[in-house]
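# Structural features, examined
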Amino acid sequence: MELVKSEQRLKQILVADKEENPLRIINVLKSDLLNILKNYMEINANDLDVSITVDEYGFFVFNSYAKVRRLKNLGAIVEQ
Amino acid sequence: MARKIVITSGKGGVGKTTVTTNLGVALSNMNLKVLILDVDFGLNNLDVVMGVENRVVFDVIDVLKGKCRAKQALIQDFFNPLLYVLPSVHSVNNINITSEQINFIISQIESLFDYIIIDCPAGIEIGFHRAVKCADEAIVVTTPHISAIRDADKVLTLLNSYNLNSVKILVNRVRGDLVVGGEMFNENTIKEYLNADLIGVVPDDDGISLALNVGGAVSKNSVAYEAFNLIARNLHNGERNIFDCTKKYKGLIGGIRKKIRKLV
């Protein structure tokens, strides 16, 4: 029973820490996402919006919105 | 080219230097040439933990000042001829030392070794970043306590911004009797919360305290010795064997052991 309480406490602390400092995570995540997306489409850093929120159950909710100028040749990508 | 692994944690006192030392010893026992590099300037203790404090002639600063070559500053371990230490110093303003300077030292000697294990200072300030910048891989040490797990989580987030080949967690000081009794987090819970790969688990073992007082690695009879050997094999061979701290405390005899441990 004590461990269950401790686990809840740990979860709350980790969630609170991430809520406090999401900017750093978002910047890293955005940079990684951009690197991957650039393989498939023409996209600038300013056109990608990334956010992380926490829902009522303590789960992280990841949202991403991107304005894409042009998709790359999808046929060539599939062949690769 | 040596594999350069930084041992970090965020929180102080979780056993970074103990892990660094014993992992170095375990790897050298596998016939691998290992250098343990102390970049914890100002509050270094690696020389003491290794039991070589009386044999330090040159240190990192002497190498940086050109008083000696990096190779001359290396101290060969008394019991493990394949294990070397490059000590740090107490009396130095660590702000002035850059990761480029440490990397310069590493570049002079890395061809001599299979592994370079870097002992990182506690905290997430300049010393942490300097140590991480010198490494290709990281092991984040934590204990099964909320404060240590919380700091490990923060460190893992910071490590995301570095281009490291691998970041793993190591759970130190796990008490099998408490895990069996549901009074301590087990390694799987910690792994789940930190969302990171587990390289190994080290039990809370009196053998470690004894080794710290005498200097050097844990005794071959100690359970921690077995745990560090497993970690070294996981690291080098890519195995995934995790030491089971609870094994001793399962079953009838285990239950008696658990009760005795609680009483002591």
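To start, this report covers the structure provided alongside it. (Residues numbered from 1 in each chain as written. Chains lettered and ligands numbered in written order. Predicted model: local features only at pLDDT ≥ 70, side-chain atom pairs only at ≥ 80, totals over all residues.)

## Digging into the overall build of chain A
A count of helical and extended segments in chain A gives three helices and four strands. Tracing chain A from N to C terminus, the helices and strands come up as α-α-β-β-β-β-α. Each of the 80 residues in chain A was classed as buried or not, and the buried ones make up 1%. Intrachain contacts of chain A at a sequence separation of at least 6 include 50% that bridge at least 24 residues. (Helix = DSSP H or I, 4+ residues; strand = E, 2+ residues; numbered from the N terminus. Buried ≥ 20, exposed ≤ 12 C-beta atoms within 10 Å, placed from the backbone. Contact = placed C-beta atoms within 7 Å.)

## Examining the overall build of chain B
In terms of helices and strands, chain B carries 12 helices and eight strands. At 18 Å, chain B has a C-alpha radius of gyration in line with the 18 Å of a compact globule built from 264 residues. Projected onto its principal axes, the C-alpha coordinates of chain B cover approximately 60 × 40 × 35 Å. Taking contacts inside chain B between residues at least 6 apart in sequence as the whole, the part at least 24 apart equals 76%. (Rg over C-alpha atoms; globule rule 2.2 N^0.38 Å.)

## Describing the nonpolar core
Core analysis: the biggest nonpolar cluster contains 83 residues, and V6, I117, I118 and I231 of chain B have the highest contact counts within it. Excluding residues that lie within four positions of it along the chain, V6 of chain B makes contacts with I118, C120, A131, V132, C134, A135 and A138 of chain B. (Core = buried A, V, L, I, M, F, W, Y, C linked by C-beta atoms within 7 Å.)

## Some details on the interface of chain B and chain A
Where the parts come together, the accessible area they lose is often given as the size of the interface. In this complex, chain B contributes 12 residues to the contact, which on the side of chain A involves 12 residues. Of all elements in the fold, only helix 7 (146–159) and helix 9 (187–194) of chain B reach the threshold of two or more residues within the side of chain B that touches chain A. If one sorts the elements of the side of chain B that touches chain A by residue count, helix 7 of chain B sits on top with six residues. Looking at the side of chain B that touches chain A residue by residue, the class counts come to three nonpolar, five polar and four charged. (Nonpolar A, V, L, I, M, F, W, Y, C, P; charged D, E, K, R; others polar.)

## Here we look at the pairing of strand 6 (residues 137–142) of chain B
All names here are of chain B. When you tally the buried positions in strand 6, you get five out of six residues, the bulk of the element. The pairing of strand 1 (residues 3–8) with strand 6 spans four bridges and is parallel. Across the sheet, the residue bridging to V6 is A138, located in strand 6. Across six bridges, the pairing between strand 6 and strand 7 (residues 166–174) is parallel. (Pairing = 2+ DSSP bridges.)

## Regarding the packing of helix 7 of chain B against helix 9 of chain B
Residues and elements named next belong to chain B. In contact at an axis separation of 10 Å, helix 7 and helix 9 are set at 40 degrees when each is read in the N-to-C sense. Taken together, helix 7 and helix 9 sit at an angle that is classed as oblique. Crossing angle aside, the handedness with which helix 7 passes helix 9 is right-handed. Across from I149, A152, D153 and L156 in helix 7, the residues of helix 9 making contact are I190, Y193 and L194. Residues of the contact of helix 7 with helix 9, tallied by class, amount to six nonpolar, no polar and one charged. (Axes fitted to C-alpha atoms, helices over the stretch in contact; angles between N-to-C directions. Parallel < 35°, antiparallel > 145°, perpendicular 65-115°, else oblique. Left-handed = near helix turned anticlockwise from the far one by under 90°.)

## A look at helix 11 (residues 223–237) of chain B
All names here are of chain B. Look at helix 11: 21 Å from first C-alpha to last across 15 residues, which is about the 21 Å you get at 1.5 Å a residue. Of the positions making up helix 11, those classed as buried are A224, Y225, A227, F228, N229, L230, I231, A232 and L235. Residues of helix 11 that are buried in the fold lie against helix 1 (16–28), strand 7, strand 8 (197–203) and helix 10 (206–214). (Expected span 1.5 Å × (residues − 1).)

## Examining the environment of E100 of chain B
Relative to the elements of secondary structure, E100 of chain B occurs in helix 5 (residues 99–109). Note: C-alpha distance between E100 of chain B and L82 of chain B (18 residues apart in sequence) is 26 Å.

## Thoughts on the sheet that holds strand 1 of chain B
In any sheet, the strands associate via hydrogen bonds between backbone groups, in a parallel or an antiparallel arrangement. Residue and element names in this part refer to chain B. In spatial order, the strands read 3-4-2-5-1-6-7-8; together these eight strands make up an open sheet with mixed pairing. Among the strands making up the open sheet, the edge pair consists of strand 3 (75–76) and strand 8. One ladder, built from four bridges, connects strand 2 (residues 34–38) with strand 4 (residues 83–86); its direction is parallel. What sits directly across from L37, in strand 4, is L86. Sitting on the sheet, helix 1 is in contact with strand 1, strand 2, strand 4, strand 5 (115–119), strand 6 and strand 7, with an inclination near 170 degrees to strand 5.

## Notes on helix 5 of chain B
Residues and elements named next belong to chain B. Residues of helix 5 that are buried include every one of I102, I106 and I109, and no others. All buried residues of helix 5 lie within an arc of 70 degrees about the axis, which places them on one face of the element. Residues of helix 5 that are exposed and point more than 90 degrees away from the buried face comprise E100 and S107. Summarising the contacts, the buried residues of helix 5 are in contact with strand 1, strand 2, helix 4 (70–73), strand 5 and helix 6 (126–133). (Arc of directions from axis to C-beta.)

## Examining unusual backbone geometry
Residues and elements named next belong to chain B. For N31, which is not glycine, the phi torsion reads 70 degrees and is therefore positive. Here N31 is to be found in the loop between helix 1 and strand 2. Given 8 C-beta atoms within 10 Å, N31 falls into the exposed group. One non-glycine residue, R173, lies in the positive phi region at around 60 degrees. Among the secondary structure elements, R173 is positioned in strand 7.

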